[in-house]
Amino acid sequence: MYILPAVTILVLLTLVPSVFLYYVSITDYELGQLWSTHKLIGFRNYHRLLSGRDFEFWPSVRISITFMLLATSIETVLGFAIALLLNQEFRFKSLVFGCLLMPITITPSIVGQMWKLMYNAEYGVLNYFTERLLGVKVAWLGPELAFLSTLMVDVWQWTPFVALIIYAGLRSIPSEPFEAALVDGANTVQSFWYITLPLIRPLLMLAVIFRSMDSLKLFDVPFVLTQGGPGSATELLSLHVYRLGFAQTGWVARAAATAVLLLVMIISLSRLLVRHIREGGSTV
Amino acid sequence: MRRYGTILMALLLVLAVSCYVSAQSIEEWASRIKAELGGSEITCAFATHPSTEAFQAMTAEFEQLTGIKVNWDVMEETYLKNKQLMDFAGGSQLYDVLMVDGFWISEYAPKQVIVPLSKYINSDATPDWFDYEDIMPAYRNGIGAYEGEIYGIPTAGETRFVGYRKDLFEKYGKTPPETLDELLELAQFFTGREPNLYGIAMRAQRGIHFASGWLTITYNFGDGFLDQKTWEPLITSSGTVESLKYFIELMKCAPPDVATYTHEEAVSAFMAGRTAMWFDATALVSWILDPTKSQVYDKVGFVPPPSGPIGDAGVFAGWNMAIASGSKNKDAAWAFITYMTSRAKAKEYVLHGGVPTRTSVYQDPELVARDPSYPVQLASFERANALVERGLAWIPPTPELGKVLDRVGYWGNMALIGEITPEEACRRAQIELEDIIGQ
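Definitions and cut-offs
Residues numbered from 1 in each chain as written. Chains lettered and ligands numbered in written order. Predicted model: local features only at pLDDT ≥ 70, side-chain atom pairs only at ≥ 80, totals over all residues. Heavy atoms only, no water. Domains from an automatic or database assignment. Contact = heavy atoms within 4.5 Å. Buried area = accessible area lost by both parts, 1.4 Å probe. Salt bridge = Lys/Arg side-chain N within 4 Å of Asp/Glu carboxyl O. Polar contact = N/O pair within 3.5 Å; in protein donor to acceptor, adjacent residues only side chain to side chain. Helix = DSSP H or I, 4+ residues; strand = E, 2+ residues; numbered from the N terminus. Axes fitted to C-alpha atoms, helices over the stretch in contact; angles between N-to-C directions. Parallel < 35°, antiparallel > 145°, perpendicular 65-115°, else oblique. Left-handed = near helix turned anticlockwise from the far one by under 90°. Nonpolar A, V, L, I, M, F, W, Y, C, P; charged D, E, K, R; others polar. Expected span 1.5 Å × (residues − 1). Bend = angle between axes of the 7 residues up to and from the residue. Buried < 20%, exposed > 50% of the residue type's maximum accessible area, 1.4 Å probe, protein only.

### Re the domain arrangement of chain B
Residues and elements named next belong to chain B. Per the domain assignment, the segments of chain B are domain 1 (25-158 + 317-363) and domain 2 (160-313 + 394-438). Taking the mean C-alpha position of each, domain 1 and domain 2 sit 29 Å from one another. Across the contact, 21 residues belong to domain 1 and 24 residues belong to domain 2. Looking at the side of domain 1 facing domain 2, the largest losses of area belong to Pro50, Phe103 and Glu158, adding up to 38% of the total buried there. At the junction of domain 1 with domain 2, the criterion picks out 3 salt bridges. Across the salt bridge formed by glutamate 158 and arginine 160, the nearest N and O atoms sit 3.9 Å from each other. Linking domain 1 to domain 2 there are 3 residue pairs in polar contact (both at pLDDT 80 or more). Of all the secondary-structure elements, those providing two or more residues to the side of domain 1 that touches domain 2 are α3 (50-66), α4 (77-90), α5 (105-111) and β6 (153-158).

Laid out in structure tokens, this is it:
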């Protein structure tokens, strides 16, 4: 009874649009078409995607998954390293924290704009340094490097997030196990591997889940930075959905079907990871 | 007898009133508009473009004269189409006056995103000094009309021609290109000839921009992307494949990031002195000749589009002003269009950096003296007319055009960045086009 208002809002904000999305994905609706003239066409949109008649779908899936794997693993490793450094006492620690928080708090589209300026081949600050120091001009957003450049922005923005989560985990570990290990004659590597890692594993997995889901549905940064180009070097699945449905083609229904498949991918991935945490949790 | 007399009197009266209305001056027209529509508000959705800047410069005077308040929403071209279509589909009725690319008319008209304009043009309320007939016929029919009905008033017409650096051409003893072969040779010659110098700049960003850039020379090799009578895709025909190969060879002489260029980046590269040549829209010349924007304003010359293997062809493209079908202030929107695009205001518009579409402007001695590219522009129109004589429209008038250009421009761009061969790009584009047209 008391949760009715909240449930109503939840239904309106999530359930209705999702059901609408599923419905649109089995129609032939196009942007600008009058809604009353749309037809139901069954699973034709899905068939088109899965059978490879939409040439861009599978390459986009590949790009999205590669991006997710690279971004998550780099961010986790780097974030872990930074968290270990933060776990020691040093001067200006709060200043370092401030600097780490900054990328997380900036709106992703603004991050995209900032990096677009810095990456600019002619006037960008990065090329100013590469030209001065190494004498080379790098086409950061050219066909070869655009994917890695986009990856770098994601790493820059979200590594601190992972670092902070893991840092919180490190702070919560009691010191007794380490003292006991020291008495038993364990070296630093051993106590890291057998004590630190298992103890913060749940938080580590949490960070991995967040980052993998987020990077799978990443949109704003590559949208501003490259618009999916050049060619389809950075055409993540989310951008592909946008380009199908809007821009010049206006295939809203086909975009909806692609979005549903993206949703299925994200949900199955997160379930996989959550189950992994649960199983792992019981062994610790 | 007396009844006929009354009817005659009435007719005469109507005629007199309508003559009075259409012969009125701008001030008389404005005071009538102010009385009828003063205090209303219109919102314009426009693209970043020299013509938009000119209209914005003239807005204050219009507001003062008519009491209609004008809001501007100016954005990049791709977003513009999205916003206009979403405003229409969502029924939000934000916009009254739309700036519509000639490419979009054949899609907007059947979807009824914009309203037919002939009833406004032929209305007695439209003054003589608007003068629709003064707009060049190729623009009226080529970019503003669909299936015989007028949907847009052409505001910024363009054909395309070649701009070149006179200083560089003199230095190396070169003459401007007459044929596409010469154009390619010159582009190859200048690439790397001086530090940081490339041969040519054009638009080639994935999607509609690449398609538009490719279309600059497509008709010099064949009949283009679609058979304009049967609507069969022609991408794999030998002429079209050849034209893609040529375009890609030419783009190898452009700055390395050309695969991300729209018309804005292309003209910027030329204005910054990075390329020896530029082959794009005449509408952008006012930027190139503007000392505050361009580093090469005093060093450029222009020549008409070079001839290709099957002769001359040229571009007829441009922008329109149109009235959104969702507009709640259609009369105020039409008053705005009447004023801004009229013959009476055409000269002022061009002096503000606007882009001519009217015969009277091209013949105005003062304007011709001011912009040395006018005679070349007219020569370029003649070459573009060769296409009309072949029975082809530069913009194929099909409602599926947006999709066609997006797909063609996608595969062309893939070939440009070397992911696939031009032949393979054409083959895949053909499959997708058959799919789109067959729907």
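### What to know about the interface of chain A and chain B
Taken together, the 29 residues of chain A in the interface contact 31 residues of chain B. Overall, the association of chain A and chain B removes approximately 2800 Å² of surface from exposure, summing both partners, and the carbon and sulfur fraction of that is 52%. When residues of chain A are sorted by the area they lose upon contact with chain B, Leu31, Phe55 and Gln248 of chain A head the list and together hold 26% of the total. Taken together, the connections running from chain A to chain B amount to 6 salt bridges. Applying the counting rule to chain A against chain B returns 10 residue pairs in polar contact (both at pLDDT 80 or more).

### Points about the side chain of arginine 140 of chain B
Residues and elements named next belong to chain B. Counting through the fold element by element, arginine 140 comes out in helix α7 (residues 137-142). Here glutamate 133 takes part through its backbone oxygen, which lies 2.7 Å from a polar atom of the side chain of arginine 140. Aside from chain neighbours lying at most four places away, what touches arginine 140 is Tyr132, Glu133, Asp134, Ile135, Ala145 and Pro154.

### Side note on the packing of helix α3 (residues 57-86) of chain A against helix α7 (residues 146-172) of chain A
All names here are of chain A. Remark: α3 packs on α7, axes separated minimally by 6 Å, with the N-to-C direction vectors making an angle of 45°. With respect to their mutual orientation, α3 and α7 come out oblique. Along this stretch, α3 crosses α7, giving a crossing that reads as right-handed. Its residues assigned to classes, the contact of α3 with α7 comprises 20 nonpolar, 5 polar and 2 charged.

### What to know about α3 of chain B
Residues and elements named next belong to chain B. With 17 residues, α3 ought to run about 24 Å at 1.5 Å a step, and its terminal C-alpha atoms sit 24 Å apart, in line with that. At threonine 59, α3 shows its maximal bend, which comes to roughly 40°. Listed as buried for α3 are Pro50, Ser51, Thr52, Ala54, Phe55, Met58, Thr59, Phe62 and Thr66. Remark: glycine 67 follows α3 within two positions and exhibits a positive phi of approximately 70°.

### Points about the pattern of salt bridges
Under the counting rule described, the total for this entry stands at 44 salt bridges over all chains. In this structure, the salt-bridge partner of lysine 403 of chain B is glutamate 400 of chain B, at a minimum N-O distance of 2.8 Å. Among the residues examined, lysine 403 of chain B registers a relative accessible area of 5% and is labelled buried. What you see here is one network of salt bridges that share partners, running through Glu56, Glu235 and Arg243 of chain A together with Arg206, Asp406, Arg407 and Glu432 of chain B.

### Here we look at unusual backbone geometry
Residue and element names in this part refer to chain A. Positive phi outside glycine occurs at phenylalanine 92, with the angle close to 60°. Its location among the elements puts phenylalanine 92 in the loop between α3 and α4 (93-105). Take phenylalanine 92: its relative accessible area is 58%, and that puts it in the exposed class. Although it is not a glycine, glutamine 227 sits at a positive phi angle of roughly 55°. Among the structural elements, glutamine 227 can be located in the loop between α10 (220-225) and α11 (237-245).

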